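Structure assessment
Each chain, letter by letter, is given below.
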Amino acid sequence: MRRPTELPPRRVSRRLGLLFSAPTILLLIAIVLGGGPAGWPVGAPATVLRFSGSAHGLYLVISEQQLRDLRAVAPRLVAKLLARRTTIVLTPGSPALTPPGAAVGTAFFTSYAEFIGRLQRHAIPPGVRAVAYDPELWRATPFLERLDPKRYMALFAGAAHRHGYAAILMPGRDLLAAASSCRQQPGEDLDAAFLRCGLAGEAARLSQVFEIQTAPVELSSTELRGFAAACAKQARAANPSVVLIATLSTQTGAGWVNGWQLARAAAAVRPYVQGFQLNLTRRSTRAAVSFLLRTFSALRG
């Protein structure tokens, strides 16, 4: 199997020449030689979007399709979400829903190889300001990427920054069941393996936004808080400026989750994160609306 590669050097230099002026290129060289600002991967260009604290409210990560489903039952709520600078909209195609200067249009990938292919074809739409990488133990992530998640997160984030995109990393806990470099040991749960292998710290070091996969344990408050707190500690030690997101879902292995349960889970992890990714289905849009109105108080008016 052929291993995915970066863009050929000539194409990279030609694309950088189009994106950056001479002073900007000199600044990039200075960053590379000097190590870059605290919390930023070495070599990240000055044009990469900077996410900042919670000055504009909690972050919400949600897919474009899920926003369309929500719009069918709560159009005013969706309009408010899209007007927020801390709403991150994941889309595999054109970010048609995201207005300029508001929600962050983000191209979503489960494969580094696919991301590089899109870059080579110049197929990432204008208006996309961030790219998200969600490697997990599923067929959507290529075999080699599942075996060595740290390597491919680094490749993804490096390519993102060189092309002017903020990087959002979302590594799945289940990767530790198959990774070759560091993997789950007999008698060890996935939470413990994820932390022992340092995936939280590595993802945070490389990215502007690191998403903690808490949805599988969202109904167990003790496990939820413990995992989120440990991930946050490891992540902030690696990159104090990283924005931390916790995942929540309207459907878990235990069944459907209502808006009150989602809000309770959000409150449990709120001390450790700056926002949430909400996963939902058309069947659960009412629960999602209830959660959003409970958790994002500015949306109620």
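Residues numbered from 1 in each chain as written. Predicted model: local features only at pLDDT ≥ 70, side-chain atom pairs only at ≥ 80, totals over all residues. Heavy atoms only, no water.

Along its length, the chain carries 12 helices and 10 strands. Taking all 301 residues of the chain together, 53% fall into the buried category. A sequence separation of at least 24 residues applies to 70% of the contacts in the chain between residues at least 6 apart. Summed over its atoms, the accessible surface of the chain is roughly 13300 Å², and 56% of this surface lies on carbon and sulfur atoms. (Helix = DSSP H or I, 4+ residues; strand = E, 2+ residues; numbered from the N terminus. Buried < 20%, exposed > 50% of the residue type's maximum accessible area, 1.4 Å probe, protein only. Contact = heavy atoms within 4.5 Å. Areas by Shrake-Rupley, 256 points an atom, 1.4 Å probe, with all protein chains shown as cover.)

Attention shifts here to the confidence of the model for the chain. Summarising the model, the chain shows a mean pLDDT of 83, and 79% of its residues fall at 70 or more. Contacts for the low-pLDDT stretch residues 1–46, under 50 throughout, to residues beyond four places or in other chains number 65 contacts. (pLDDT = per-residue confidence, 0-100.)

Let's shift gears to the sheet that holds strand β2 (residues 87–91). Reading around the barrel, the 8 strands line up as β1-β2-β3-β4-β5-β6-β7-β10 and close back on themselves, with parallel pairing between neighbours. Here the strands of the sheet are splayed against their neighbours by 25° on average, with no regard to which way each runs. Inspection of the sheet shows strand β6 (residues 209–212) paired to strand β7 (residues 243–249) by 4 bridges, in the parallel sense. Residue pairing in the sheet places Glu211 in a bridge with Ile245 of β7. Running over the sheet, helix α10 (residues 221–238) touches β6 and β7 and is turned about 155° from β6. Set on the sheet, helix α12 (residues 285–295) makes contact with β1 (59–63), β7 and β10 (275–279); between it and β10 the angle comes to about 170°. (Pairing = 2+ DSSP bridges. Axes fitted to C-alpha atoms, helices over the stretch in contact; angles between N-to-C directions.)

Evaluation of the coordinates by the stated rule reveals 9 aromatic pairs. On the numbers, 5.9 Å between centres and 70° between planes, the contact of Phe194 with Phe227 is edge-to-face. Remark: Phe227 occurs in helix α10 and Phe194 occurs in helix α8 (residues 190–196); sequence separation between them is 33 residues. Through a chain of ring-to-ring contacts, the aromatic side chains of Phe109, Phe115, Tyr133 and Phe156 assemble into a single cluster. One cation-aromatic arrangement involves Arg173 over Phe227; the distance from NZ or CZ to the ring centre is 5.8 Å. (Phe/Tyr/Trp six-rings, centres within 6.5 Å; stacked < 30°, edge-to-face > 60°. Lys NZ or Arg CZ within 6 Å of the ring centre and 35° of its normal.)

This next bit is on the side chain of Glu211. Relative to the assigned elements, Glu211 resides in strand β6. Within the buried core, Glu211 has no salt-bridge partner, and the shortest N-O distance to an opposite charge, that of Arg173, equals 12 Å. (Lys, Arg positive; Asp, Glu negative; His and termini not counted. Salt bridge = Lys/Arg side-chain N within 4 Å of Asp/Glu carboxyl O.)

The next point concerns α12. When we look at burial in α12, the residues that qualify are Thr285, Ala287, Ala288, Val289, Phe291 and Leu292. Buried residues along α12 sit against β1, α3 (64–71), α4 (75–82), β7, α11 (259–269) and β10.

This part is about the pattern of salt bridges. Taken as a whole, this structure holds 6 salt bridges when the rule is applied. Of the charged contacts, one joins Asp69 and Arg282 as a salt bridge, the two residues approaching to 3.1 Å between their closest N and O atoms. Here Asp69, found in helix α3, pairs with Arg282, found in the loop between β10 and α12; they are 213 residues apart in sequence, far enough to count as distant. Residues Arg173 and Asp191 are paired through a salt bridge, measuring 2.7 Å at the closest nitrogen-oxygen approach. Of the two residues, Arg173 sits in the loop between β5 (166–169) and α8 while Asp191 sits in helix α8, which places them 18 residues apart along the sequence.

Among the 5 residues that make up β10, 4 are buried, leaving the element largely enclosed by the rest of the structure. Judged from the 3 bridges that link them, β1 and β10 form a sheet pairing that is parallel. Within the sheet, the bridge partner assigned to Val61 lies in β10 and is Gln277. The sheet contact formed by β7 and β10 spans 5 bridges and is parallel. Residue pairing across strands places Ser249 opposite Asn279, the latter belonging to β10.

Taken as a whole and judged by the stated rule, the model has 1 disulfide. One disulfide bridge connects Cys182 with Cys197, the sulfur atoms lying 1.9 Å from each other. Disulfide Cys182 to Cys197: torsion about the S-S bond roughly -75°, handedness left-handed. Taken together, the positions of Cys182 in the loop between β5 and α8 and Cys197 in the loop between α8 and α9 (199–206) put the pair 15 residues apart, joining distant regions of the chain. (Disulfide = S-S within 2.5 Å.)

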